[in-house]
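# Report on the structure
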Amino acid sequence: MKNTLFSPMHKRYVKKLKRNKIVITCAQIGVLVVFLCLWELLAQVGFIDAFLMSSPTRIWRTLADLYLNGQLFYHVWVSLFETLLGFLIGTVGGTAIAVVLWWSKPLRDVLQPYIVVLNSLPKIALGPIIIVWAGTGQKAIVTMAVLISIIVTIITMLGGFLQTSPEKILLLESMNANKMQIFFKLVFPANLSTLASCLKINVGMAWIGSIMGEYPVSKAGLGYLIVYGGQVFKMDLVMACTIVLCLLAGVMYFLVALLEKFFVKWKS
Amino acid sequence: MKPVLTFDKVSMTYYTKANETQALKDLSFDLFKGEFMSVLGPSGCGKTTLLSLASGTLKPTQGQILLDGKQVTKTSTDVGYMLQRDHLFEWRTIYKNVLLGLEIQKKMTDENVKHCERLIEEYGLKEFKNHYPMQLSGGMRQRVALIRTLALKPKVLLLDEPFSALDFQTRLHLCDDVHAIIKKEGITALLVTHDISEAISMSDRIAILSPRPAKLHRMHETNLSHHPTPLQRREDPTFAPQFERLWKEVS
Ligand SMILES: Nc1ncnc2c1ncn2[C@@H]1O[C@H](COP(=O)(O)OP(=O)(O)OP(=O)(O)O)[C@@H](O)[C@H]1O
Ligand SMILES: [Mg+2]
């Protein structure tokens with residue numbers, strides 16, 4: 001129920017909450033500022049080797065250069081495209097497979113050990129196989145991103161589906177519902193929050209996949225720049241790209257979290 | 001008079017890998033139109049099993065169950081089943097929860113939706129129509145669960161300890177409400193309960209079950225139908241002696 005008349009006590013409470021939030025945000029920014037200043041200072045006085053450790057101003061200059069010669073957005077776009085594609089295929093495909101496995105118990109029982117093994121396998125070990133099969137282009141990189149996110153999605157979503165309250169299923173059955181209705185009226189909506197956490201996990205997984213995929217083979221992308229920077233000892237470039245990567249992953253996570261709020265309105 | 005629901009020598013055994021559990025043994029009884037029958041029995045004796053069999057979600061291992069003279073082989077739209085807990089869908093508003101059964105049976109006609117709205121209004125939930133279940137008290141939630149069942153206009157209503165999760169006060173009031181609703185809509189009801197006083201105050205007849213495997217121990221007539229409400233029945237002079245007798249038989 002919406003209450004429109006608030007007591008002074010409530011006002012004070014809300015004020016306190018707000019103040020807490022401001023204090024925490026300030027502290028968070030403070031940590032970053034102090035860290036950057038200290039880093040810069042230590043590099044300036046020569047306490048740390050700026051050639052090996054880089055420094056905030058050098059990173060900034062590198063980013064500006066990359067931006068000015070048009071390289072920045074080119075590489076960002078390449079990596080982002082691979083990641084988003086891997087993320088989408090992994091999430092949608094994984095969820096679809098989880099639905100099929102929920103539907104058919106025999107299939108689930110038969111495939112279970114294979115899924116478990118695939119889950120524990122470090123997917124990077126499949127790198128050479130993927131390169132041989134899918135070539136050295138973006139196809140291989142997207143495949144890696146898909147592979148890493150799809151298995152987690154299958155396991156998480158199937159686990160959620162199977163945990164749906166059997167009594168709620170009984171209730172729908174007593175109303176004459178068929179399996180399709182049980183899925184769409186109950187099992188899927190009951191697992192929207194599972195899907196949301198799956199999306200959050202997959203943001204990370206897809207980035208791991210695409211960057212790891214870029215390491216060995218690619219000619220473009222942030223992963224490529226990082227490896228290239230490492231090989232020619234341009235630590236400024238490595239650091240700059242890592243920071244861009246942090247920003248991109250952070251923004252993507254934030255968007256997914258926003259989506260979750262929209263999904264599960266009833267929780268508020 | 002022809003019975004609406006008949007159990008004819010029904011036995012039910014659950015099989016698991018480790019063992020088998022016989023829940024019901026040779027259980028027979030008739031439930032007549034408009035009648036309110038309670039099933040009273042010790043914990044774990046097979047009461048929920050009995051209702052699941054009647055609803056058609058479970059099949060007996062022996063014997064047969066007849067609904068309007070026809071053997072029950074699958075769930076029927078004539079039977080409403082109210083489970084031990086309300087099981088409202090948290091992501092649906094109260095209104096949407098009530099409409100669930102109609103959506104599933106593809107009966108979203110104007111007439112049926114109006115019927116639901118009337119039920120919501122009549123049973124005091126109008127202002128909560130667009131709330132989510134989390135915002136409601138236990139008693140209100142249970143009432144919504146009842147309306148969700150009534151929305152499908154069942155001829156027979158199966159109730160599995162619908163009040164067991166509520167506090168005493170709420171319970172007494174809800175008993176009165178539910179009893180009134182059932183009598184007004186002319187529904188035949190089969191109520192499962194642990195609570196002896198609830199059974200006496202609500203029902204016309206009480207089937208007393210033995211411990212597992214449940215057999216019919218005795219059929220008890222309450223003879224209290226001349227009182228309109230369960231609360232009034234509790235004040236009848238025969239209430240206490242009936243309670244005492246049933247209490248001895250159940251324990
Ligand atoms: N799906 C099942 N598989 C195996 N055994 C079961 C199953 N469901 C119930 N049983 C067993 O059957 C017996 C009767 O169960 P039931 O739920 O019908 O009892 P109940 O009288 O409703 O109990 P309560 O009073 O606790 O609600 C119990 O011993 C239970 O362990
Ligand atoms: Mg039970």
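Residues numbered from 1 in each chain as written. Chains lettered and ligands numbered in written order. Predicted model: local features only at pLDDT ≥ 70, side-chain atom pairs only at ≥ 80, totals over all residues. Heavy atoms only, no water.

## Some remarks on the overall build of chain B
A tally of regular secondary structure across chain B gives nine helices and ten strands. Computed over the C-alpha atoms, the radius of gyration of chain B is 18 Å, within 12% of the 18 Å expected from 2.2 N^0.38 for a compact globule of 251 residues. Taking the principal axes of the C-alpha coordinates as reference, chain B spans close to 45 × 45 × 40 Å. Considering chain B as a whole, with its 251 residues, one finds that 55% of them fall into the buried category. For chain B, the exposed surface amounts to about 11,400 Å²; the carbon and sulfur share of it is 53%. (Helix = DSSP H or I, 4+ residues; strand = E, 2+ residues; numbered from the N terminus. Rg over C-alpha atoms; globule rule 2.2 N^0.38 Å. Buried < 20%, exposed > 50% of the residue type's maximum accessible area, 1.4 Å probe, protein only. Areas by Shrake-Rupley, 256 points an atom, 1.4 Å probe, with all protein chains shown as cover.)

## Thoughts on the domain arrangement of chain A
Entries for chain A in the domain assignment read domain 1 (9–48) and domain 2 (71–267). Here domain 1 of chain A and domain 2 of chain A have C-alpha centroids that lie 33 Å from each other. (Domains from an automatic or database assignment.)

## Some points on the side chain of T13 of chain B
Following the sequence through the fold, T13 of chain B ends up in strand β1 (residues 3–15). Residue contacts for T13 of chain B: discarding those within four places in its chain leaves E20, T21, Q22 and T61 of chain B. (Contact = heavy atoms within 4.5 Å.)

## Considerations on the packing of aromatic side chains
Under the defined criterion, the tally for this structure stands at twelve aromatic pairs over all chains. Both rings, one in F35 of chain A and one in W39 of chain A, keep their centres 5.7 Å apart while their planes meet at 50°; by these two values the pair is tilted. Of this pair, F35 of chain A and W39 of chain A both sit in helix α1 (residues 8–44), four residues apart, which is roughly one turn of the helix. For W39 of chain A, a relative accessible area of 15% puts it in the buried group. With a centroid separation of 5.4 Å and 80° between ring planes, the pair formed by F161 of chain A and F183 of chain A is classed as edge-to-face. With F161 of chain A in helix α7 (residues 138–162) and F183 of chain A in helix α9 (residues 179–190), this pair connects stretches of sequence that are 22 residues apart. In this pair, the class of F161 of chain A matches that of F183 of chain A, namely buried. Members of the aromatic cluster, each reached through a chain of ring pairs, are W102, W103, F161, F183, F184 and F188 of chain A. Positioned above the aromatic ring of Y95 of chain B is the side chain of K129 of chain B, whose terminal nitrogen or guanidinium carbon lies 4.5 Å from the ring centre. (Phe/Tyr/Trp six-rings, centres within 6.5 Å; stacked < 30°, edge-to-face > 60°. Lys NZ or Arg CZ within 6 Å of the ring centre and 35° of its normal.)

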